[in-house]
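Reading the structure
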Amino acid sequence: STPFLSVRDLKVHFSTEDGVVKAVDGLSFDVEKGQTLGIVGESGSGKSVTNMAVLGLHDPRNTRLDGEILLDGKELITASERELEKLRGNKMSMIFQDALASLSPYHTIGAQIGETYRKHTGASRKEARARSIEMLRRVGIPQPDMRVDDYPHQFSGGMRQRAMIAMALVCDPELLIADEPTTALDVTVQAQIMDLLKDLQQEFGTAIIFITHDLGVIADIADDVLVMYGGRCVERGTKEEVLRTPDHPYTLGLLGSMPSLTGPVDVPLSPIPGSPPSLLNPPSGCRFHPRCAFAEKVAGGLCSSERPGLKVLDGRGSACHLTADQKHELFTEHVAAR
Ligand code: SF4
Ligand code: MG
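Note that the coordinates shown come from a computational prediction; the quantities given were computed from them, not determined experimentally.

1. Overview of the overall build of the protein chain
The helix and strand inventory of the protein chain stands at 13 helices and 12 strands. Against the 2.2 N^0.38 benchmark of 20 Å for 338 residues, the protein chain shows a C-alpha radius of gyration of 21 Å, consistent with a compact globule. For the protein chain, the spread of C-alpha atoms along the principal axes amounts to about 70 × 40 × 40 Å. Burial statistics for the protein chain: of 338 residues in total, 42% are counted as buried. Considering only contacts within the protein chain whose residues lie at least 6 apart along the sequence, 63% involve residues at least 24 apart.

2. Here's the deal with the packing of helix H7 (residues 157–169) against helix H8 (residues 187–204)
With their axes 10 Å apart at the nearest point, H7 and H8 run at an angle of 15 degrees to one another. Judged by the inter-axis angle, H7 sits roughly parallel to H8. As H7 runs across H8, the sense of the crossing is right-handed. On H8, the residues that touch Gly158, Gln161, Arg162, Ile165 and Leu169 of H7 are Val189, Gln192, Ile193, Leu196, Leu200 and Phe204.

3. Some points on the sheet that holds strand S5 (residues 74–75)
Within the open sheet, the four strands sit side by side as S2-S1-S4-S5. Their pairing is antiparallel. The sheet is open, and its two borders are formed by strand S2 (19–31) and S5, each paired with just one other strand. Bridge analysis of strand S1 (residues 5–16) against S2 gives 10 bridges, and the strand direction is antiparallel. For threonine 16, the partnering residue across the bridge sits in S2 and is glycine 19.

4. Quick look at the site of ligand 1
Neighbouring ligand 1 are 13 residues, the closest being Cys286, His289, Cys292, Cys303 and Cys320. In terms of residue class, the shell around ligand 1 is built from 11 nonpolar, two polar and no charged.

5. With respect to the sheet that holds strand S7 (residues 175–179)
Strand order in this open sheet of eight strands is S6-S7-S8-S3-S9-S10-S12-S11, and the pairing throughout is mixed. Strands with a single pairing partner mark the edges of an open sheet, and in this sheet they are strand S6 (92–95) and strand S11 (311–313). The average angle at which neighbouring strand axes cross in this sheet is 20 degrees, direction not considered. Relative to S7, S6 is paired through four bridges, and the arrangement is parallel. Bridged to isoleucine 95 within S7 is alanine 178. Strands strand S3 (36–40), S6, S7, strand S8 (207–212) and strand S9 (224–229) of the sheet are contacted by helix H1 (residues 47–55), whose axis makes an angle of about 150 degrees with S7.

6. Let's talk about H1
Most of H1 sits out of view: seven of its nine residues are buried. Considered for burial, the residues of H1 that qualify are Lys47, Val49, Thr50, Asn51, Ala53, Val54 and Leu55. Just downstream of H1 lies glycine 56, where phi reads positive at about 75 degrees.

7. Focus on the packing of helix H4 (residues 109–121) against H7
Contact geometry of H4 with H7 gives a least axis separation of 8 Å together with a crossing angle of 20 degrees. As summarised for this structure, H4 and H7 are arranged roughly parallel, according to the angle between their axes. Classified by chirality, the crossing of H7 by H4 is right-handed. Contact residues: Ile109, Gln112, Ile113 and Thr116 in H4; Ala163, Ala166 and Met167 in H7. In terms of residue class, the contact of H4 with H7 is made up of five nonpolar, two polar and no charged.

8. As for the environment of threonine 212
Take threonine 212: it is sitting in strand S8. Overall, the presence of 23 C-beta atoms within 10 Å leaves threonine 212 in the buried class. On a C-alpha basis, the gap between threonine 212 and histidine 321 in space is 26 Å, while along the polypeptide they are 109 residues apart. Beyond its immediate sequence surroundings of up to four residues, threonine 212 is in contact with Gly38, Val40, Glu180, Val217 and Ile218.

9. A word on the environment of asparagine 51
Structurally, asparagine 51 can be placed in helix H1. Asparagine 51 gets classed as buried once you count the C-beta atoms within 10 Å, which come to 20. With residues near it in sequence (within four places) discarded, asparagine 51 still touches Ile177, Asp179, Ile209 and Ile211.

10. Some thoughts on the nonpolar core
Counting 87 residues, the largest nonpolar core has Ala163, Ala166, Leu175, Ile177, Ala178, Ile209 and Val227 as its most contacted members. Here leucine 175 is in contact with Phe4, Leu5, Val31, Leu71, Lys91, Met92, Thr206 and Ala207, once residues within four sequence places are set aside.

So, how was this worked out
- Residues numbered from 1 in each chain as written.
- Chains lettered and ligands numbered in written order.
- Predicted model: local features only at pLDDT ≥ 70, side-chain atom pairs only at ≥ 80, totals over all residues.
- Helix = DSSP H or I, 4+ residues; strand = E, 2+ residues; numbered from the N terminus.
- Rg over C-alpha atoms; globule rule 2.2 N^0.38 Å.
- Buried ≥ 20, exposed ≤ 12 C-beta atoms within 10 Å, placed from the backbone.
- Contact = placed C-beta atoms within 7 Å.
- Axes fitted to C-alpha atoms, helices over the stretch in contact; angles between N-to-C directions.
- Parallel < 35°, antiparallel > 145°, perpendicular 65-115°, else oblique.
- Left-handed = near helix turned anticlockwise from the far one by under 90°.
- Pairing = 2+ DSSP bridges.
- Near = placed C-beta within 6 Å.
- Nonpolar A, V, L, I, M, F, W, Y, C, P; charged D, E, K, R; others polar.
- Core = buried A, V, L, I, M, F, W, Y, C linked by C-beta atoms within 7 Å.

Structure representation (structure tokens):
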């Protein structure tokens, strides 16, 4: 089947006073209906920037997009702001970490959910109100017919997150982009929101892009995983492939505190020495080379001189100069030494 969202060789470059920041530098991926793609990486890896570009929410004055973004066959990079506005909230929708920033403090929860619905369906106020109550019920807000008239500050953090999800899903979008939506919540509420998203996906068949720095979240929700580093994809595959048999030194580092490669994946990110690369002056060759424990194992200083290509077969692959045999040996040693 044709993927619902297809991104090909996407580049997102920002002009700044200091030069061009290559925030995303040649990224390709697909998302199928009803599937969840997890995008994982440290902050500054380009994961949020990628999705702002998909939504058309980048600042056109200083941002240049190249490549292809096909949503249900429609090219978004060349689409007008008017066309994008029709798609946002309707065919594609988003939820963010900070519900307070996406909700207006001046309007009731019901008015805000209803407005999105009216904008895309032309429904009456009365119909929109009924739809808002229905959506609040679906996302598990108790007494939705009363709470619909509350303002955001009258909701708890977890309830605001639910309200934002209700607003995102009110028009049955086929694609939901979730950017760290549970990061600010405590663990219990986080688990509830994740369960809610999974239930809603089952019910609506929504495609989800889930952006996170947390591999535990990936293990919980993703079907496929894309690991980003320095604006590029360094590894991709199914969740099982990436978490159980990582194929890139960076992913291995992310999985740092796992007891074994086949062990449980319920682990936080262990810090990798060093810091994410500057995208104004990115490292030459492999962008991970200044932090990579294995760079000196590759002959000829290739890691700092030549960009490793992303070799993908049937959706599985990584970008690294090490041979399969080298990886097998080095990764096993590395894990044993932890
Ligand atoms: Fe490390 Fe070299 Fe592989 Fe990059 S290409 S991840 S520096 S071994
Ligand atoms: Mg981000």
